[in-house]
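Structural description and commentary
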Amino acid sequence: MKLWWITSLFWLVLFAATAIFIGVRKIDGSGLEQTSELRMVAFIVLGVVFTFILLFQLLFLYFAPKNKIVSTQ
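First things first, this report covers the structure right here in the doc. Keep in mind the model is a prediction, meaning the values are calculated, not measured. (Residues numbered from 1 in each chain as written. Predicted model: local features only at pLDDT ≥ 70, side-chain atom pairs only at ≥ 80, totals over all residues. Heavy atoms only, no water.)

1. Describing the packing of helix α1 (residues 2-24) against helix α2 (residues 36-63)
Interaxial distance between α1 and α2 falls to 11 Å at its minimum, and their mutual angle equals 175°. Here α1 lies roughly antiparallel to α2, going by the angle between them. Listed contacts from α2 to W4, T7, S8, W11, L14, F15, T18, A19, I22 and G23 of α1 are R39, A42, F43, L46, F50, I53, Q57, F60 and L61. Class assignment of the residues belonging to the contact of α1 with α2 gives a composition of 13 nonpolar, five polar and one charged. (Axes fitted to C-alpha atoms, helices over the stretch in contact; angles between N-to-C directions. Helix = DSSP H or I, 4+ residues; strand = E, 2+ residues; numbered from the N terminus. Parallel < 35°, antiparallel > 145°, perpendicular 65-115°, else oblique. Contact = heavy atoms within 4.5 Å. Nonpolar A, V, L, I, M, F, W, Y, C, P; charged D, E, K, R; others polar.)

2. Brief notes about the environment of T18
Note that T18 resides in helix α1. Sequence separation between T18 and D28 is ten residues; the distance between their C-alpha atoms is 13 Å.

3. Re the nonpolar core
Side chains of a nonpolar character, in soluble globular proteins, are inclined to be buried together. By size, the foremost hydrophobic cluster in this structure holds five residues: I22, A42, L46, F50 and I53. When residues of this core are assigned to their parent elements, the largest contribution, four residues, is made by α2. (Core = buried A, V, L, I, M, F, W, Y, C linked by side-chain atoms within 4.5 Å. Buried < 20%, exposed > 50% of the residue type's maximum accessible area, 1.4 Å probe, protein only.)

4. With respect to the packing of aromatic side chains
Under the criterion given, the structure shown has five aromatic pairs. Between W11 and F50 the ring centres are 5.9 Å apart and the planes differ by 75°, which places this aromatic pair in the edge-to-face class. Of this pair, W11 sits in helix α1 while F50 sits in helix α2, placing them 39 residues apart in sequence. Residue class for F50 comes out buried when judged on its relative accessible area of 13%. Their ring planes at 70° and their centres at 5.0 Å tell us that F15 and F50 sit as a pair that is edge-to-face. Separated by 35 residues along the polypeptide, F15 in helix α1 and F50 in helix α2 bring together distant segments of the chain. Taken together, the aromatic side chains of F10, W11, F15 and F50 make up a single cluster linked through ring pairs. (Phe/Tyr/Trp six-rings, centres within 6.5 Å; stacked < 30°, edge-to-face > 60°.)

Below is the structure:
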């Protein structure tokens, strides 16, 4: 489970950094000036991608084997 938490933290940091990058950039990779409409489209695409990642993470969490405490009495 420790690996799952590390991976989740990685995706969260990556999502935040990408959202900040999209929010502050003036010109995108194709050389177009960022308008509020283009910025919103970029945020929507980012949200869709990370929604799929979140679904896969939650599915893995649901099906991952749970640690069981064994009683030694």
